[in-house]
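What follows is the residue order along each chain.
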Amino acid sequence: PGLVNAFVPLVPVTARNGPTEFRPGSHKSMWDFDSDDAGLDLLGDKDDTVAPAIRQGDLLLFDYRVYHRGLANCSGEPRPVAYIVYA
């Protein structure tokens, strides 16, 4: 707890140039048996993920513990981003 990722794309991020994909709810511990989501399937359906398209210069903040990954850049152009973790 207490760690936040800050993601700022330096170009527009679209489905074609590889957005960051998130699995909502994955920041909840699978071993937290007091949680209603104990046992959350972290590798489940693709339908359980979100990959937002965001504009150049937008700020995307998310919990450090959320499962996330960069999707493939199929555009042939670089996709530079500023990425900072705050503790």
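Residues numbered from 1 in each chain as written. Predicted model: local features only at pLDDT ≥ 70, side-chain atom pairs only at ≥ 80, totals over all residues. Heavy atoms only, no water.

S.K.: Please set out the pattern of salt bridges residue by residue, giving values where relevant.
M.R.: Per the stated rule, a full pass over the model turns up three salt bridges. Between E21 and R69 there is a salt bridge, with the nearest N and O atoms lying 2.6 Å from each other. With a gap of 48 residues between them, E21 in strand β2 (residues 20-22) and R69 in strand β4 (residues 68-70) connect regions that are remote in the sequence. Looking at R69, the relative accessible area reads 47%, which means it is partly exposed. For the salt bridge of D63 with R65, the shortest nitrogen-to-oxygen distance reads 2.8 Å. On the basis of relative accessible area, D63 is assigned to the partly exposed category, the value being 23%. Residue class for R65 comes out partly exposed when judged on its relative accessible area of 36%. (Salt bridge = Lys/Arg side-chain N within 4 Å of Asp/Glu carboxyl O. Helix = DSSP H or I, 4+ residues; strand = E, 2+ residues; numbered from the N terminus. Buried < 20%, exposed > 50% of the residue type's maximum accessible area, 1.4 Å probe, protein only.)

S.K.: Just give me the short version of the side chain of N17, but keep the residues and values in it.
M.R.: Locating N17 in the fold gives a position in the loop between β1 (4-9) and β2. You can call N17 buried: its relative accessible area is 8%. For N17, the side chain forms a polar contact with the main-chain nitrogen of T14, separated by 2.7 Å. (Polar contact = N/O pair within 3.5 Å; in protein donor to acceptor, adjacent residues only side chain to side chain.)

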